[in-house]
Amino acid sequence: MPMRVAVCVSGEGSNLQALLDGLGPDSGAEVVLVLSNRPGAGGLDRARAVGVPAEVLENHADAGEWLRRLGEHSVDLVVLAGYLKLVPPQVIARYRGRIINIHPSLLPDFGGPGMYGHQVHAAVLASGRQESGATVHLVEEEYDRGPILAQARVPVRPDDTPETLAARVLAAEHRLLPAVVRAAAARGQLVPLPVFKEHLP
Ligand code: GRF
């Protein structure tokens with residue numbers, strides 16, 4: 001039985017696309033549900049285009065609604081991929097150890113409330129760091145905390161803008177996230193992966 005994966009999105013859904021593309025029939029995992037807090041989220045269209053149920057939460061703060069929808073699709077693993085609202089604590093408790101998030105920095109640096117999208121990459125550039133990357137971690141009640149499962153590192157270049165750095169990190173995310181889910185499917189549970197070192201032009 002493949003591992004049944006729900007992916008939660010608020011926006012474009014390019015990480016969702018990486019999962020749809022990267023979890024082939026032999027991967028041991030399949031995306032069975034896409035959830036969003038936003039009816040206009042591009043990720044919903046990506047799911048519908050390949051026949052995956054795409055549902056909009058009526059009330060994203062309602063744990064009962066979450067648990068009902070996840071239960072209806074017999075979800076084993078929940079992936080937050082650009083999901084920008086807080087997941088109700090009762091949902092995190094029910095799926096503890098089976099709910100992950102991807103964040104576009106090397107956590108624990110540049111995470112926490114308000115640190116998403118442009119802000120993350122602008123803060124990395126302002127810090128003068130020469131390396132950034134992406135992190136997949138288990139979700140706990142606090143934003144961007146929880147044990148780290150995998151990271152992908154990318155260089156920061158002297159002429160980077162937040163946009164160019166974001167694009168390099170996003171490309172790394174698209175490789176990292178399916179790798180974590182495939183490893184979970186192979187082992188029957190989420191497992192830490194060695195650090196990826198990306199070699200990108
Ligand atoms: C990604 O950078 C992800 O790390 C962050 O939000 C962005 C989502 O991009 N949490 P997309 O919607 O998957 O294209």
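This section reports on the structure supplied with the text. (Residues numbered from 1 in each chain as written. Predicted model: local features only at pLDDT ≥ 70, side-chain atom pairs only at ≥ 80, totals over all residues. Heavy atoms only, no water.)

Another aspect to go through is the overall build of the protein. Within the protein, the secondary structure is distributed over six helices and eight strands. Counting from the amino terminus, helix and strand elements in the protein follow one another as β-α-β-α-β-α-β-α-β-α-β-β-α-β. For 201 residues, the compact-globule estimate of 2.2 N^0.38 gives 17 Å, and the protein sits close to it at 16 Å. If one aligns the C-alpha atoms of the protein with their principal axes, the spans along those axes are about 50 × 35 × 30 Å. Counting across all 201 residues of the protein, residues that qualify as buried make up 51%. Within the structure as shown, the protein displays about 9200 Å² of accessible surface, and the carbon and sulfur contribution to it stands at 53%. Of the side chains in the protein, 19 bear a positive and 22 a negative charge, and the two mean positions are spaced by 3 Å. (Helix = DSSP H or I, 4+ residues; strand = E, 2+ residues; numbered from the N terminus. Rg over C-alpha atoms; globule rule 2.2 N^0.38 Å. Buried < 20%, exposed > 50% of the residue type's maximum accessible area, 1.4 Å probe, protein only. Areas by Shrake-Rupley, 256 points an atom, 1.4 Å probe, with all protein chains shown as cover. Lys, Arg positive; Asp, Glu negative; His and termini not counted. Charge placed at Lys NZ, Arg CZ, Asp CG, Glu CD.)

V7, V31, V34, V79, I100 and V181 are the most contacted members of the largest nonpolar core, which has 47 residues in total. Counting 20 residues, the second-largest nonpolar core is a separate cluster that includes L70, L80, V87 and I92. (Core = buried A, V, L, I, M, F, W, Y, C linked by side-chain atoms within 4.5 Å.)

Right, let's get into unusual backbone geometry. P108 follows L107 through a cis peptide bond whose omega is 15°. Along the chain, P108 falls in the loop between β5 (99-103) and α5 (118-127). If you check the backbone angles, S74 has positive phi at about 45° while not being a glycine. Assignment of secondary structure puts S74 in the loop between α3 (63-72) and β4 (77-80).

All told, the structure shown has ten salt bridges when counted by the stated rule. Among the salt bridges present, the one from E12 reaches R46, with a minimum N-O distance of 2.4 Å. Taken as a pair, E12 in the loop between β1 (3-9) and α1 (14-22) and R46 in helix α2 (residues 42-49) lie far apart in primary sequence, 34 residues in all. Residue E12 is classed as exposed on the basis of its relative accessible area, which comes to 53%. Residues R153 and E131 are paired through a salt bridge, measuring 3.0 Å at the closest nitrogen-oxygen approach. Separated by 22 residues along the polypeptide, R153 in strand β7 (residues 148-155) and E131 in strand β6 (residues 131-138) bring together distant segments of the chain. Given the relative accessible area of 29%, E131 is considered partly exposed. Bridged by salt links that share partners, the residues E55, E58, E65 and R69 form one connected network. (Salt bridge = Lys/Arg side-chain N within 4 Å of Asp/Glu carboxyl O.)

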